[in-house]
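Chain residues, written in single-letter form:
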Amino acid sequence: MATVSGHITLQTVADRVGVSRATVSNAYNRPDQLSSGLRERILEAAAELGYRGPDAAARSLRTGQMGTIGLLFTEDLRFVFTDPDTTEFMRGVAETSALAKTGLTLLPVPAGVDPADTAVSTVAADGHLVFSVAEGHPALDVLRSRGRPIVVVDEPDLGVTTSFVGIDDRCGARLAAHHLITLGHRRIGVLLGRVGIEPGPLTGPSTEITVRVARERLGGYRDAMSEAGLDPDDLVVWTSDGNDPDAGRAAALSLLEHHPELTGLVCFSDQLAIGAAQAAERCNLTVPDDLSIVGFDDVPRAAAWEPPLTTIRQPLVDKGRVAADLLLELIGGGQPRRIELPIELVIRASTAPPRA
């Protein structure tokens with residue numbers, strides 16, 4: 001392979017091929033502007049010369065953009081790769097980012113960690129996705145102070161000045177509880193995830209819950225009770241210390257121990273619902289004959305569970321795609337928009353009428 005000594009630049013490649021610097025730049029940044037034959041000649045010459053492409057730092061100075069977006073979430077980094085709801089959402093974000101030739105930087109802020117001790121305040125990004133962050137979290141103030149575009153996914157709702165992607169959580173929860181009520185259930189429990197208060201029975205007002213989505217879903221469960229002429233206060237509400245099957249199993253065991261009269265259970269997520277089904281088995285209860293269970297999200301594992309899980313389906317992958325699209329739109333000079341994605345009740349074998 002022929003090589004050229006010294007620093008290799010765009011001009012070096014341009015001289016070798018006999019074209020302008022702009023043409024070589026287009027081969028990397030705007031390939032649609034060149035014929036395939038010319039672009040191939042340029043890239044072959046660059047490879048022979050040992051040229052690795054335009055300098056990213058110089059390009060960012062020229063365009064004012066870093067070529068990457070950040071994703072803020074308030075969990076441990078492992079959460080992104082183990083929580084099925086999040087991995088589905090991340091798949092959508094990654095697909096859109098890849099198509100746009102945009103990098104993606106993960107910005108975890110685990111519980112108890114000061115955002116100042118993370119990369120949130122220093123990482124170079126053209127904009128940020130905020131994924132399911134509790135209201136008032138200090139990391140939000142850090143991001144907003146940087147003056148970059150922000151798209152919120154699920155929560156918190158920062159108003160019309162910020163792009164937002166979500167679903168009608170209240171409606172979805174109402175559908176879930178209405179399904180159990182229609183089957184004849186009257187003794188119904190609610191299993192929530194980590195919501196900013198101590199795990200166990202919810203005895204105070206729902207306004208104590210710092211997670212907007214949880215408040216909305218609890219409101220939806222109560223709406224269904226009221227619409228059926230039942231007392232919403234008859235719902236037994238229990239919170240867990242996480243949103244995974246282990247946390248769901250532990251919380252459901254405690255719930256069923258204190259309230260063995262329950263015949264139906266609506267859960268904040270499929271993950272908690274799977275844990276609740278495991279708890280029912282430990283309590284020698286059969287799902288759905290002794291206890292009907294409804295999840296939320298319709299992650300891939302929900303349909304494969306035994307019995308297959310009745311749940312509220314939301315388009316998790318599409319949520320990631322739409323969120324990334326909105327952020328790239330803002331980075332390109334677009335205006336904030338709000339998008340609500342569709343949901344539906346998916347009835348499977350984990351629900352049935354209560355025993356006579």
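Rules and cut-offs
Residues numbered from 1 in each chain as written. Predicted model: local features only at pLDDT ≥ 70, side-chain atom pairs only at ≥ 80, totals over all residues. Heavy atoms only, no water. Pairing = 2+ DSSP bridges. Helix = DSSP H or I, 4+ residues; strand = E, 2+ residues; numbered from the N terminus. Axes fitted to C-alpha atoms, helices over the stretch in contact; angles between N-to-C directions. Phe/Tyr/Trp six-rings, centres within 6.5 Å; stacked < 30°, edge-to-face > 60°. Lys NZ or Arg CZ within 6 Å of the ring centre and 35° of its normal. Expected span 1.5 Å × (residues − 1). Buried < 20%, exposed > 50% of the residue type's maximum accessible area, 1.4 Å probe, protein only. Contact = heavy atoms within 4.5 Å.

## Some points on the sheet that holds strand E3 (residues 128-131)
Paired through their backbone hydrogen bonds, the strands of a sheet run either parallel or antiparallel. Strand order in this open sheet of six strands is E2-E1-E3-E4-E5-E12, and the pairing throughout is parallel. The open sheet is flanked by strand E2 (103-108) and strand E12 (338-341), the only strands paired with a single partner. Strand-to-strand, the axes of this sheet are offset by a mean angle of 15°, without reference to chain direction.

## Overview of the packing of aromatic side chains
Following the criterion strictly, the structure yields one aromatic pair and no others. Over the ring of Phe268 we find Arg217; its NZ or CZ atom is 4.5 Å from the centre of that ring. One residue, Arg217, lies across the ring of Phe296, its end atom 3.6 Å from the ring centre.

## Description of helix H6 (residues 84-99)
The terminal C-alpha atoms of H6, which comprises 16 residues, lie 23 Å apart, in line with the 22 Å expected from a rise of 1.5 Å per residue. Within H6 the residues assigned to the buried category are Pro84, Asp85, Thr86, Glu88, Phe89, Met90, Gly92, Val93, Thr96 and Ser97.

## Focus: helix H9 (residues 212-227)
Relative to the 22 Å expected for 16 residues at 1.5 Å per residue, H9 spans 22 Å between its end C-alpha atoms, a close match to the ideal helical length. For H9, every residue scored as buried is listed here: Arg212, Val213, Ala214, Arg217, Leu218, Gly219, Gly220, Tyr221, Asp223, Ala224 and Met225. Following H9 by one or two positions, Gly229 has its phi on the positive side, about 80°.

## Digging into the sheet that holds strand E9 (residues 264-267)
Reading across the sheet, the five strands line up as E7-E8-E6-E9-E10 and stay open at both edges, with mixed pairing between neighbours. Either end of the sheet is taken by a strand with one partner, and the two such strands are strand E7 (200-201) and strand E10 (292-294). Taken together, the two bridges between E7 and strand E8 (residues 236-239) define a ladder with antiparallel strand orientation. In the sheet register, Gly200 faces E8, and the bridge partner there is Thr239. Along the sheet face, H9 touches strand E6 (188-192), E8 and E9 and points at about 170° away from the line of E6.

## Thoughts on the environment of Val13
Structurally, Val13 can be placed in helix H1 (residues 10-17). Classification of Val13 by relative accessible area gives buried; the value is 0%. Once you skip the residues sitting within four places of it in the chain, Val13 turns out to touch Val24, Ile42, Ala45, Ala46, Leu49 and Tyr51.

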